[in-house]
Amino acid sequence: MLLRTRLAPFKLIAVLLFVVVTSAPVFAQQRPLQTQDPEAIGAGNVLIEAGVDYGRSIFFPASGLEGHLWRAPALGVVIGVGSIAEIQLTGSPYKRLTITERNDAPLADLVEPGDTTSTVEDLVIGTKLRLLAESETTPAIAVRIATRLPNASESSGIALDTTEFYASILAGKTIESVRVALNAGLGILPDPILASRQNDVLTYGLSLARALDERLDVVGELNGRINTRGDEAPLGTESLSQFRAGLRYTIGSARLDLGGIVGLTSRDPGIGFTAGFTYMFKAFDVK
């Protein structure tokens, strides 16, 4: 099964981006997006997020499985260890694929027969450090380093049992009434079939955020990675690209979010949604 690009959603993307850039400003926060803002959450603060993600028609080339994927709950914890630094942990204790198609693939024999398969999600541990504060003329700049650990079972068919490394430069700027965040970086992804090979991919993200009123925000992004190998990418390390757009509603220190997902490659969901809850509180003093 060859990697294919989904072109039809680009009209929808253009409409949703127009909605985002013609509304009022918002304080940057990640959910339901994946693009990171360079600003840290603040010294001594802890941010907890939980949500549910659903994607239709996702293809896993290493195992040959295709189907509809649930992640519930999708969890995240961010700890502000200083005014310019934070530690991030994300993952899910349960993700489940309803199998709609099985294809020949190197790891296909590892997956047990049945209509579904499930496993935990790999834990991602990251740290973000802001290097440059935003000014009237310059954006805020930060670096982020993250590692994806091989917690999930390879025999599930929806995990690769490999350790991945990511390093990114993050930029963010409020331009008049629009908050813009830009990510660019490198990912080192091992080949799950041949241990001596790896694929160094380029990662990217561009998000826009505006506020419709004091509580309701509208957000959108394009986020993914690009295969840099001239030959065929190792299975499971191909290019990815998603467009997300959604709403966030703030109630005091809590925020509810709802977003739609449009996949632009065969490795991404054809369409999906995410919904979640974020809460931030002061947990300790940093001296």
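Everything below is about the structure printed above this text.
Let me begin by describing the structure that accompanies this report. (Residues numbered from 1 in each chain as written. Predicted model: local features only at pLDDT ≥ 70, side-chain atom pairs only at ≥ 80, totals over all residues. Heavy atoms only, no water.)

Counting its secondary structure elements, the protein contains one helix and 14 strands. The long-range fraction of contacts in the protein, counting pairs at least 24 apart against all pairs at least 6 apart in sequence, stands at 62%. Taken as a whole, the protein presents about 13,700 Å² of accessible surface, with 63% of it coming from carbon and sulfur. (Helix = DSSP H or I, 4+ residues; strand = E, 2+ residues; numbered from the N terminus. Contact = heavy atoms within 4.5 Å. Areas by Shrake-Rupley, 256 points an atom, 1.4 Å probe, with all protein chains shown as cover.)

Turning next to the packing of aromatic side chains. Scanning all chains against the criterion turns up four aromatic pairs. Residues Tyr54 and Trp70 carry aromatic rings whose centres are separated by 4.5 Å and whose planes lie at 40° to one another, so their mutual orientation is tilted. With Tyr54 in strand 1 (residues 45–60) and Trp70 in strand 2 (residues 65–80), the pair connects residues that are 16 residues apart, well separated along the chain. Overall, Trp70 belongs to the partly exposed group, its relative accessible area being 34%. Three or more aromatic residues link up through ring pairs in this structure, and these residues are Tyr54, Trp70 and Phe273. (Phe/Tyr/Trp six-rings, centres within 6.5 Å; stacked < 30°, edge-to-face > 60°. Buried < 20%, exposed > 50% of the residue type's maximum accessible area, 1.4 Å probe, protein only.)

Quick look at the nonpolar core now. Counting residues in hydrophobic clusters, the biggest one holds eight residues: Ile58, Phe60, Leu65, Leu69, Leu97, Ile99, Val111 and Ile158. The set of elements that each furnish at least two residues to this core consists of strand 1, strand 2 and strand 4 (95–102). Ignoring sequence-local partners within four residues, the contact set of Ile58 consists of Leu65, Glu66, Gly67, Leu69, Ser266, Arg267, Asp268 and Pro269. (Core = buried A, V, L, I, M, F, W, Y, C linked by side-chain atoms within 4.5 Å.)

On inspection of all chains with the given rule, the structure shows 13 salt bridges. Note that Lys173 and Glu134 form a salt bridge whose closest N and O atoms lie 3.8 Å from each other. Here Glu134 lies in the loop between strand 6 (124–132) and strand 7 (140–148) and Lys173 lies in strand 8 (residues 164–175), a separation of 39 residues in the sequence. On the basis of relative accessible area, Lys173 is assigned to the buried category, the value being 17%. (Salt bridge = Lys/Arg side-chain N within 4 Å of Asp/Glu carboxyl O.)

With that out of the way, let us pick up unusual backbone geometry. Pro32 follows Arg31 through a cis peptide bond whose omega is 0°. Looking at where Pro32 falls in the secondary structure, it is placed in the loop between helix 1 (9–20) and strand 1. For the bond from Ala72 to Pro73, the omega torsion is -10°, close enough to zero to count as cis. Along the chain, Pro73 turns up in strand 2. Positive phi outside glycine occurs at Ser57, with the angle close to 60°. Judged by relative accessible area, Ser57 falls into the partly exposed class, the value being 26%. Although it is not a glycine, Asp161 sits at a positive phi angle of roughly 55°. If you trace the backbone, Asp161 turns up in the loop between strand 7 and strand 8.

A separate point is the environment of Tyr279. With respect to the element layout, Tyr279 can be found in strand 14 (residues 271–282). Residues Tyr279 and Leu47 lie 232 residues apart in sequence; the distance between their C-alpha atoms is 5.7 Å.

Further remarks concern a nonpolar patch on the surface. There is a patch of nonpolar side chains on the surface, built from Ile48, Val77, Val81, Ile87, Leu89 and Ile125 and spanning about 400 Å² of accessible area. Of note, Ile87 is situated in strand 3 (residues 85–91). (Patch = residues over 30% accessible without salt bridge, like charges linked within 9 Å, V, L, I, M, F, W, Y side chains within 5 Å.)

Turning next to the side chain of Arg225. The topology assignment puts Arg225 in strand 11 (residues 216–226). At 4.9 Å, Glu238 is the nearest oppositely charged side chain to Arg225, a buried residue that forms no salt bridge. Contacts of Arg225, omitting those with residues within four sequence positions, involve Tyr166, Leu189, Val201, Leu202, Thr203, Tyr204, Gly236, Thr237, Glu238, Ser239, Leu240 and Arg267. (Lys, Arg positive; Asp, Glu negative; His and termini not counted.)

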